[in-house]
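Residue strings, one per chain:
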Amino acid sequence: MNEILQILSENARATPAEIAALLGRTEEDVAREIKELEDSGVIRKYITIIDWEKAAEGYVYAVIELKVALQRSTGYDSVAERIARFSEVQSVRLISGDHDLSVTVRGRSMRDVAFFVAEKIAPLEGVQSTCTHFILKSYKEHGVILTDKPKPKRLVITA
């Protein structure tokens with residue numbers, strides 16, 4: 001199962017037939033295991049990584065660090081789950097250090113992100129403070145390098 005997950009994490013478009021050939025298994029076995037992984041929630045979603053700087057429409061991303069009041073019965077979960085429901089929110093993570101939650105947000109402009117934080121995140125019950133960091137450039141996302149440096153060409157050596 002872990003071999004299938006590893007292959008799909010590198011290439012979400014790999015077909016059961018391709019995975020079966022790589023692993024020396026039958027296509028039916030691989031398809032069944034993938035279905036089980038999807039049904040059990042191990043596989044949550046297949047994604048496409050887009051370099052928005054190259055696309056016609058760009059987005060602004062920001063990482064917002066939050067200090068949150070610890071809730072007696074739910075810890076940080078109730079605040080994190082409320083924040084996760086906003087469509088602008090790409091990820092919410094419990095972190096160690098000076099802040100409690102790290103929230104990645106996507107908007108059309110810095111102003112949109114700033115208003116979202118000021119109007120939707122900061123006023124939430126339990127949120128004590130926010131610290132917004134705008135992402136200026138991404139070099140790597142989900143294990144994919146986004147910079148387009150030409151690969152060095154190897155010279156042919158002749159004797």
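1. Digging into the sheet that holds strand β3 (residues 101-107)
Taken in spatial order, the 4 strands of this open sheet run β2-β3-β1-β4, and their pairing is antiparallel. Looking along the sheet, the strands with just one partner apiece sit at the ends: β2 (89-94) and β4 (127-135). Neighbouring strand axes in the sheet, compared pairwise and without regard to direction, differ in orientation by 20° on average. By the bridge criterion, 8 bridges tie strand β1 (residues 60-68) to β4 in an arrangement that is antiparallel. Bridging across to β4, L66 finds its partner in T130. Packing against the sheet, helix α4 (residues 77-84) makes contact with β1, β2, β3 and β4, and its axis sits at approximately 170° to β2. Its contacts with the sheet place helix α5 (residues 110-121) against β1, β2, β3 and β4, and it is angled at close to 170° to β4.

2. Side note on the nonpolar core
Of all hydrophobic cores here, the largest spans 18 residues; its most connected members are I64, L66, I83, L101, V103 and V105. Among the secondary structure elements, those contributing two or more residues to this core are β1, α4, β3 and α5. Considering every element that reaches this core, the biggest residue donor is β1, with 5 residues. Apart from residues no more than four positions distant in its own chain, V105 is found in contact with V60, Y61, A62, I64, E88, V89, Q90, V113 and F116. Formed by 10 residues, the second largest nonpolar core is a distinct cluster that contains I4, I7, I19 and I34.

3. Overview of the packing of aromatic side chains
Scanning the model with the defined rule gives 1 aromatic pair in all. Between F86 and F116, the ring centres sit 5.3 Å apart and the planes meet at 85°, which makes this aromatic pair edge-to-face. Of the two residues, F86 sits in the loop between α4 and β2 while F116 sits in helix α5, which places them 30 residues apart along the sequence. Among the residues examined, F116 registers a relative accessible area of 5% and is labelled buried. Its end group placed over the ring of Y59, R106 keeps NZ or CZ at 3.8 Å from the ring centre.

4. Quick notes on the pairing of β3
Moving residue by residue along a regular strand, the side chains alternate between the two faces of the sheet. With 6 of 7 residues buried, β3 is to be regarded as a mostly interior element. With 7 bridges joining them, β1 and β3 adopt antiparallel strand pairing. In the sheet register, V60 faces β3, and the bridge partner there is G107. Direction of pairing for β2 relative to β3: antiparallel, over a ladder of 5 bridges. Bridging across to β3, V89 finds its partner in V105. Where β2 folds back on β3, the antiparallel hairpin that results is connected by 6 residues, among which G97 adopts a positive phi of roughly 110°.

Rules used throughout
Residues numbered from 1 in each chain as written. Predicted model: local features only at pLDDT ≥ 70, side-chain atom pairs only at ≥ 80, totals over all residues. Heavy atoms only, no water. Pairing = 2+ DSSP bridges. Helix = DSSP H or I, 4+ residues; strand = E, 2+ residues; numbered from the N terminus. Axes fitted to C-alpha atoms, helices over the stretch in contact; angles between N-to-C directions. Contact = heavy atoms within 4.5 Å. Core = buried A, V, L, I, M, F, W, Y, C linked by side-chain atoms within 4.5 Å. Buried < 20%, exposed > 50% of the residue type's maximum accessible area, 1.4 Å probe, protein only. Phe/Tyr/Trp six-rings, centres within 6.5 Å; stacked < 30°, edge-to-face > 60°. Lys NZ or Arg CZ within 6 Å of the ring centre and 35° of its normal.

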